Amino acid sequence: MKKSKGKAITSTEKEFVFDFRAGKHNCVLKVPLQFPAQVNVSDLHGRLMLLHKIPCYIENELKASLSNFIERETILDYDREAELALQKLTTGEVDVNHLTSAWSRSYVETTLEHARPEEPSWDEDFADVYHELIHSPASDTLLNLEHNYFVSISELISERDMEIKKLQERQAAEMDKVMHELGSTLSDHDVNAVASQHFDAQQVLENKWSSELQQVTTIQKQEYQEWVIKLHQDLQKSNNSSQINEEIKVQPNQRSEAADSEVRMFEEQPQLEESFTIHLGAQLKTMHNLRLVRAEVLDFCKHRRHGSSGAKLRRLQTALSLYSSSLCGLVLLVDNRVNSYSGIKRDFATVAKECTDFHFLSLEEQLEEVQQVVLYARAQRSSKHKDRPEVQRNGGDEKSKTVERNSSNILPGEFYVTRHSNLSEAHVVFHLCVDDNVRSGNITARDPAIMGLRNILKVCCTHDVTTITVPLLLVHDMSEEMTIPWCLKRAELVFKCVKGFMMEMASWDGGISRTVQFVVPKSISEEMFYQLSNMLPQIFRVSSTLTLTSKH
């Protein structure tokens with residue numbers, strides 16, 4: 001029974017008495033209990049058996065007697081409270097109208113049939129409208145409009161990079177001149193002053209361009225969403241839908257001509273790729289697709305500015321499955337800091353800024369939310385850690401000290417997720433935290449990075465991610481210590497672990513067909529790639545193989 005808010009809970013003490021016989025002795029167990037009872041009967045029974053050393057053959061009898069006593073006394077307490085409440089009602093101490101209105105309000109608030117219908121949010125409405133339009137003849141118009149926005153942002157970024165480059169060149173020339181005069185007419189203090197001025201000038205310029213880019217992306221997002229809603233309304237109101245469809249088809253042709261006239265930014269690099277089909281499962285086998293690709297992991301995020309047919313098809317496929325049960329995921333290996341300031345995190349943030357995200361929050365805003373969640377999770381873990389006994393806490397001293405040093409950092413094997421609609425071939429990015437241990441050759445199947453992959457695959461099963469791209473060697477770039485034996489050993493470990501995880505998928509999602517892409521860095525030689533492509537079918541027992549292709 002729930003107590004009314006503001007009403008003090010009065011507790012009374014009652015004595016539980018239990019008579020039993022132990023050998024030739026008649027024993028009596030007396031235990032004071034507080035009512036209303038807030039303790040679990042099974043837990044209380046176990047403590048009584050342990051503390052009073054009660055014989056095991058009395059266990060069931062004691063538990064039954066204790067349960068009956070607590071139930072009987074609790075009902076008596078409730079009856080007593082009910083009689084007092086009725087007495088107050090008859091004497092006029094309680095206002096009947098106030099009581100009935102309180103009961104009516106409580107019933108309405110807790111009963112589903114009286115609940116207010118949830119008001120649809122703007123994001124849900126826009127998602128439904130976009131999903132309907134992208135599966136209609138208007139899809140070409142949407143994609144070309146998005147591409148034009150992408151081109152304008154790219155040109156703005158090019159202008160920014162050019163201006164920053166000119167400033168750096170000018171500052172480098174000034175610093176060379178200052179260094180030549182050091183010791184004759186200028187001192188170390190003068191050099192430091194010039195360096196400080198250069199740094200301030202760079203910061204001012206970068207802040208100016210950052211503000212301008214943010215303003216442009218905000219305007220683009222607002223214009224795009226309003227245009228999509230208006231187009232959907234026009235399609236619904238129009239009686240002659242075929243005429244509107246014809247108008248929709250004409251616009252992309254005009255825009256594509258403008259796009260074809262642009263200078264191509266770059267040519268696609270040759271890409272080695274091999275595809276396999278496998279069947280996994282003990283009794284009910286499930287078909288999965290495997291791909292081994294030699295490419296940079298960020299190539300799955302970048303858009304092609306020149307708008308080639310292949311790039312447009314990839315973008316169309318990503319848009320069609322944006323609000324579907326066939327999402328595409330990408331694993332990005334990052335350090336333990338939740339930001340985008342260094343390494344591949346900075347490169348990924350640069351790619352994410354090249355095109356406006358019309359559906360989700362920007363990467364910076366999502367990372368800020370992740371940081372808040374990490375801080376909350378660390379606080380919860382710290383409170384639970386303090387409640388544990390000293391003997392248990394000593395086992396995880398090293399981990400706890402690491403967390404205490406910076407509670408906003410994550411641990412190896414942990415990951416956070418960001419959502420995107422502006423990447424070429426990915427909707428979801430799993431940022432998996434790894435440490436320098438992944439560069440050594442002695443990691444095992446219990447390594448945090450491997451267990452992190454398992455947890456990522458589990459999230460994919462529970463959240464409709466049917467295509468996942470995984471760095472096969474658990475690194476994004478190669479170094480001198482990564483020899484051919486090192487690569488073969490690491491690839492064998494990842495292949496075997498992923499195979500085991502995929503066999504677990506049947507219990508996670510009921511056996512849904514998925515695609516797993518294994519990516520190796522471009523610096524891998526063709527000979528090394530051939531050895532890896534020969535290893536994969538041996539481990540997975542491949543059913544069929546597509547011939548090796550070289551994409552240009």
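On a predicted model such as this, the values are computed, not experimentally measured, just so you know. (Residues numbered from 1 in each chain as written. Predicted model: local features only at pLDDT ≥ 70, side-chain atom pairs only at ≥ 80, totals over all residues. Heavy atoms only, no water.)

Quick word on the overall build of the protein chain
Here is step 1 of the chain: Secondary structure summary: the protein chain contains 15 helices and eleven strands in total.
Here is step 2 of the chain: Looking at the protein chain residue by residue over its 552 residues, the buried ones come to 38%.
Here is step 3 of the chain: Long-range contacts, defined here as pairs at least 24 residues apart, represent 72% of the contacts in the protein chain between residues at least 6 apart.
Here is step 4 of the chain: Of the roughly 33,000 Å² of accessible surface on the protein chain, a fraction of 52% belongs to carbon and sulfur atoms. (Helix = DSSP H or I, 4+ residues; strand = E, 2+ residues; numbered from the N terminus. Buried < 20%, exposed > 50% of the residue type's maximum accessible area, 1.4 Å probe, protein only. Contact = heavy atoms within 4.5 Å. Areas by Shrake-Rupley, 256 points an atom, 1.4 Å probe, with all protein chains shown as cover.)

Quick notes on the nonpolar core
Grouped burial of nonpolar side chains is what soluble globular proteins tend to show.
Here is step 1 of the chain: Counting 54 residues, the largest nonpolar core has L290, I468, L472, F495, M502, F518 and F540 as its most contacted members.
Here is step 2 of the chain: By residue number, the principal contributor to this core is helix α14 (residues 484-509), which donates twelve residues.
Here is step 3 of the chain: Contact partners of I468, with chain neighbours within four places excluded, come to G329, L330, V331, F430, I456, L457, C460, T515, V516 and Q517.
Here is step 4 of the chain: Judged by nonpolar contacts, the second largest core, of 22 residues, contains L298, A349, Y416 and L423. (Core = buried A, V, L, I, M, F, W, Y, C linked by side-chain atoms within 4.5 Å.)

Considerations on the side chain of Q220
Here is step 1 of the chain: One can find Q220 in helix α6 (residues 188-237).
Here is step 2 of the chain: Of the polar contacts made by the side chain of Q220, one reaches the backbone oxygen of Y149; its length is 3.5 Å.
Here is step 3 of the chain: At 2.6 Å, the side chain of Q220 and the side chain of T356 are in polar contact.
Here is step 4 of the chain: If we ignore the near neighbours within four places in the chain, the residues touching Q220 are Y149, S152, I153, T356 and F358. (Polar contact = N/O pair within 3.5 Å; in protein donor to acceptor, adjacent residues only side chain to side chain.)

Description of the packing of aromatic side chains
Here is step 1 of the chain: Enumeration according to the criterion identifies 13 aromatic pairs in this entry.
Here is step 2 of the chain: Judged by centre distance (5.9 Å) and plane angle (75°), the rings of F35 and F69 are edge-to-face. Taken together, the positions of F35 in strand β2 (residues 25-35) and F69 in helix α2 (residues 59-91) put the pair 34 residues apart, joining distant regions of the chain. The same class applies to F35 and to F69, which are both buried.
Here is step 3 of the chain: Measuring from centroid to centroid gives 6.5 Å for F126 and Y224, while their planes differ by 70°, and the two rings are edge-to-face. Residue F126 is found in helix α4 (residues 122-134), and its partner Y224 is found in helix α6; the two are separated by 98 residues along the sequence. Across the pair, exposure class does not vary: F126 and Y224 are buried alike.
Here is step 4 of the chain: A connected cluster of aromatic rings, assembled from ring pairs, spans F126, Y130, Y149, Y224, Y323 and F358. (Phe/Tyr/Trp six-rings, centres within 6.5 Å; stacked < 30°, edge-to-face > 60°.)

As for the pairing of strand β1 (residues 12-22)
Here is step 1 of the chain: Pairing of β1 with β2, which is carried by eleven bridges, proceeds in the antiparallel orientation. Paired with T12 across the two strands is F35, which belongs to β2.
Here is step 2 of the chain: What sits between the antiparallel neighbours β1 and β2 is a turn of two residues, in which G23 has the positive phi angle 70°. (Pairing = 2+ DSSP bridges.)

A word on the side chain of S321
Here is step 1 of the chain: Tracing the chain through its elements places S321 in the loop between α8 (309-320) and β5 (327-334).
Here is step 2 of the chain: The exposure class of S321 is buried, given its relative accessible area of 6%.
Here is step 3 of the chain: Polar side-chain contacts of S321 include one of 3.4 Å to the side chain of H427.
Here is step 4 of the chain: If sequence neighbours within four positions are ignored, S321 has contacts with S326, L327 and H427.

Structural notes on the pattern of salt bridges
Here is step 1 of the chain: Counted according to the given criterion, the structure contains 18 salt bridges.
Here is step 2 of the chain: Residues R381 and E414 are paired through a salt bridge, measuring 2.9 Å at the closest nitrogen-oxygen approach. Residue R381 is located in helix α10 (residues 363-387), and its partner E414 is located in the loop between α12 (397-405) and β6 (415-419); the two are separated by 33 residues in the primary sequence.
Here is step 3 of the chain: Under the relative-accessibility criterion, R381 is labelled partly exposed at 48%.
Here is step 4 of the chain: The partner of D477 in a salt bridge is R439, with the nearest N and O atoms 2.8 Å apart. Of this pair, D477 sits in the loop between β8 (465-471) and α14 while R439 sits in the loop between β7 (428-433) and α13 (448-462), placing them 38 residues apart in sequence.
Here is step 5 of the chain: Overall, D477 belongs to the partly exposed group, its relative accessible area being 42%.
Here is step 6 of the chain: For R439, a relative accessible area of 29% translates into the label partly exposed. (Salt bridge = Lys/Arg side-chain N within 4 Å of Asp/Glu carboxyl O.)

What about the packing of helix α1 (residues 41-51) against α2?
Here is step 1 of the chain: Direction vectors running N to C along α1 and α2 enclose 130°, while the axes themselves pass 10 Å from each other. What the angle tells us is that α1 and α2 run oblique. The way α1 lies across α2 gives a crossing that is right-handed. Here V41, S42, L44, H45, L48 and M49 of α1 lie close against α2, whose contacting residues are E59, L62, K63, L66, S67 and I70.
Here is step 2 of the chain: The residue makeup of the contact of α1 with α2, split by class, is seven nonpolar, three polar and two charged. (Axes fitted to C-alpha atoms, helices over the stretch in contact; angles between N-to-C directions. Parallel < 35°, antiparallel > 145°, perpendicular 65-115°, else oblique. Left-handed = near helix turned anticlockwise from the far one by under 90°. Nonpolar A, V, L, I, M, F, W, Y, C, P; charged D, E, K, R; others polar.)

Comments concerning the packing of α14 against helix α15 (residues 526-540)
Here is step 1 of the chain: In the contact formed by α14 and α15, the axes pass within 10 Å of each other and the chain directions differ by 30°. Relative to α15, α14 is oriented roughly parallel. Two packed elements cross with a definite hand, and for α14 against α15 that hand is right-handed. Residues I484, C487, L488, A491, E492, F495, K496, K499 and M502 of α14 lie in contact with α15, whose contacting residues are M528, Q531, L532, M535, L536, I539 and F540.
Here is step 2 of the chain: When the residues that make up the contact of α14 with α15 are grouped by side-chain class, the tally is twelve nonpolar, one polar and three charged.

So, the confidence of the model for the protein chain
Here is step 1 of the chain: For the protein chain, the average pLDDT comes to 82, and 83% of its residues sit at 70 or higher.
Here is step 2 of the chain: Counting contacts from residues 1-8, a segment whose pLDDT is below 50, to residues more than four positions away or on other chains yields three contacts.
Here is step 3 of the chain: Note on residues 244-268: pLDDT under 50 across the span, and 33 contacts to partners over four residues away in sequence or across chains. (pLDDT = per-residue confidence, 0-100.)

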